[in-house]
Amino acid sequence: MPRGRYSLHDPHDHTPLGEEHFHCAPGPSGWRYVSQLTTPAGDHAGSVDLAIDDLGRPIRAELHAASWQVRGAAIDGVTWVRTDPTGEQATEGNVAAHAFTGASPAFLIATARLLRLTSSTPATRVRLVCFTQPVLAPRTLDQSWALLKTEPHATDNGPLLVDEYQVTALDTGEQSTVHITGDVVLAAPGIELEHLESPPSHFPATPAD
């Protein structure tokens, strides 16, 4: 069960945004990621609880930030409920999209698992609902993902195979690079892996029957 800490920063000006303390593990029905978010001062800033099935679809997503909460799952596309602390501003949403995304590294792992790209796979388009910080406002976006290469990286515990993805925002054309090994993000825009207590878990090559 990988357990560790990511540092989060603004991908444009590198302003520190805080840290994400996480643990994650594959299970009999897929994969689950749980984390707590802190501000640069160390105060609690929210949480993420994401579970995906063997195909990479979100079977449960629960996010907390700035007193807002979102709960969602893959139902008729993706469906969610966003609520304030009182419940008076609760709203429901549904979009014909493949999955959710957001600031957490968990969503990069989930999207990579959903797409299952190989180096010979052409760039693949995916529609996602992004919950933006700091109030978890939903926004539908389209991305293109391509697996550029997979290379071994030496570590104290032996070599790790690292996948390098190119992610393109189709509304702006902006491109970014994401490095993933197993179920851990090594680096991505706004994300750096600072500490990892145990090696990453690796998904099976194909979904369980």
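Before any of the text, the structure's been laid out above.
To keep things clear, this report deals only with the structure shown in the data block. (Residues numbered from 1 in each chain as written. Predicted model: local features only at pLDDT ≥ 70, side-chain atom pairs only at ≥ 80, totals over all residues. Heavy atoms only, no water.)

Things to note about the pairing of strand β7 (residues 78-83)
Part 1 of the argument: Of the pairings in the sheet, the one linking strand β6 (residues 68-73) to β7 comprises five bridges and is antiparallel in character. Paired with Gln 69 across the bridge in β7 is Thr 83.
Part 2 of the argument: If you look at the hairpin formed by β6 and β7, you'll find four residues sitting between the two strands, and Asp 76 has a positive phi there, around 50°.
Part 3 of the argument: When β7 meets strand β8 (residues 91-95), the two strands line up antiparallel, connected through five bridges. Across the sheet, the residue bridging to Arg 82 is Thr 91, located in β8. (Pairing = 2+ DSSP bridges. Helix = DSSP H or I, 4+ residues; strand = E, 2+ residues; numbered from the N terminus.)

Things to note about helix α1 (residues 105-115)
In an α-helix, one full turn covers 3.6 residues, which means residues spaced three or four apart are oriented alike.
Part 1 of the argument: Counted residue by residue, α1 has 11 buried out of 11 residues, so it is predominantly covered.
Part 2 of the argument: Trailing α1 by a residue or two, Arg 116 shows a phi angle of about 50°, which is positive. (Buried < 20%, exposed > 50% of the residue type's maximum accessible area, 1.4 Å probe, protein only.)

A closer look at empty space enclosed by the protein
Part 1 of the argument: Under the defined criterion, the tally for this structure stands at one cavity of 30 Å³ or more.
Part 2 of the argument: The wall of the largest cavity is formed by Leu 50, Ile 52, Gly 56, Pro 58, Ala 99, Phe 100, Phe 107, Ala 110 and Thr 111.
Part 3 of the argument: Residue assignment for the lining of the largest cavity shows that the elements contributing at least two residues are β4 (44-53), β9 (99-102) and α1.
Part 4 of the argument: Considering every element that reaches the lining of the largest cavity, the biggest residue donor is α1, with three residues. (1 Å grid on protein atoms, 1.4 Å probe; cavity = no way out; pocket = protein on both sides within 12 Å on 5 of 7 lines; lining within 4 Å. Points joined across faces, edges and corners; volume = space filled by probe spheres on them.)

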